[in-house]
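The lines below spell out each chain.
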Amino acid sequence: MACPHLAGIAALIKSVHPEWSPAAIKSAIMTTASQVGRNGHAIIDERELPADVFAIGSGHVNPPKAHEPGLVFDIQPDDYIPYLCGLGYTPKYIQLIVGNRFQMTHGSSLRSKPILGDW
């Protein structure tokens, strides 16, 4: 049931900060989440034990804090290209994902480089 709640929170944040990217909105929600429940105690899992990081993710969402987080981390689509390269994707597959041509640069990172006439 978290998805509709988070979608609503994201929509509210977008209405206040229309210039923010989806990554910035996600960052605001994640960096302002709390690792304790509303009662001030640890979030518990289905076994009634304190949940680990894999169970709670970023934690309990705090919409008022996410509205004005103070700091957000943003990422541009081209910033994912070195990540895909690091995962072992071939240039052919990366080009399918990013939709334009790019060229290899020094090391293992790739940089997007649109080529005129591809539009």
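Definitions and cut-offs
Note on numbering: residues in each chain are counted from 1, in written sequence order. Local features in this predicted model are restricted to residues whose pLDDT is 70 or higher, and side-chain atom pairs enter the listing and the counts only when it is 80 or higher, whereas totals over whole chains, interfaces and linings include all residues. To obtain the side-chain values, all non-hydrogen atoms of the structure were included, while hydrogens and water were left out. Numbering of helices and strands runs from the N terminus, with a helix taken as a DSSP run of H or I at least four residues long and a strand as a DSSP run of E at least two residues long. Pairs of residues are marked as contacts when any of their non-hydrogen atoms sit within 4.5 Å. For the purposes of this section, nonpolar cores are sets of buried Ala, Val, Leu, Ile, Met, Phe, Trp, Tyr and Cys residues that join through side-chain atoms within 4.5 Å. For every residue, the accessible area (1.4 Å probe, protein chains only) is compared with the maximum for its type, and the residue is labelled buried under 20%, exposed over 50%, or partly exposed between those bounds. Every residue gets a pLDDT, meaning the predictor's confidence in that residue, from 0 to 100. Any residue with relative accessible area above 30% and no salt bridge may belong to a patch, with like charges joined within 9 Å and the nonpolar Val, Leu, Ile, Met, Phe, Trp and Tyr side chains within 5 Å. What sets the accessible areas is the Shrake-Rupley method with a 1.4 Å probe; for residues, cover comes only from the shown protein chains. Salt bridge, as applied in this entry: a Lys or Arg side-chain nitrogen positioned within 4 Å of an Asp or Glu carboxyl oxygen.

A few words on the overall build of the chain. Along its length, the chain carries six helices and two strands. Reading the helices (α) and strands (β) of the chain from amino to carboxyl end gives α-α-α-α-α-α-β-β. Within the chain, contacts between residues separated by at least 24 positions form 46% of all contacts whose residues are at least 6 apart in sequence.

Before going further, it helps to spend a moment on the nonpolar core. The biggest cluster of nonpolar side chains holds eight residues, and these are Ile9, Ile13, Trp20, Ala24, Ile25, Ala28, Ile29 and Ala66. The dominant element in this core, judged by the number of residues it contributes, is helix α2 (residues 22-31), at four residues. Not counting residues up to four positions away in its chain, the partners in contact with Ala24 are Val72, Phe73 and Asp74.

Across the chain, the average pLDDT comes to 82, with 83% of residues at or above 70. Element-level pLDDT for the chain is lowest in strand β2 (residues 110-112), with a mean of 45, against a maximum mean of 94 in α2. Note that pLDDT drops below 50 for residues 108-119; the model gives that stretch 28 contacts with residues more than four away or on any other chain.

Positive phi outside glycine occurs at Glu48, with the angle close to 65°. Looking at the secondary structure, you find Glu48 in the loop between α2 and α3 (53-56). Its relative accessible area of 59% is what places Glu48 among the exposed residues.

What follows covers the environment of Ile56. Looking at the secondary structure, you find Ile56 in helix α3. Along the backbone, Ile56 and Ile44 are twelve residues apart, and their C-alpha atoms lie at a distance of 8.7 Å.

Turning our eyes to something else, we now look at a nonpolar patch on the surface. On the surface, Ile75, Tyr80, Tyr83, Leu87, Tyr89, Tyr93, Leu96 and Ile97 cluster together into a nonpolar patch covering about 850 Å² of accessible area. Counting residues per element, the ones that place at least two in the nonpolar patch are α5 (80-86) and α6 (91-98). For the nonpolar patch, the leading source of residues is α6, giving three residues.

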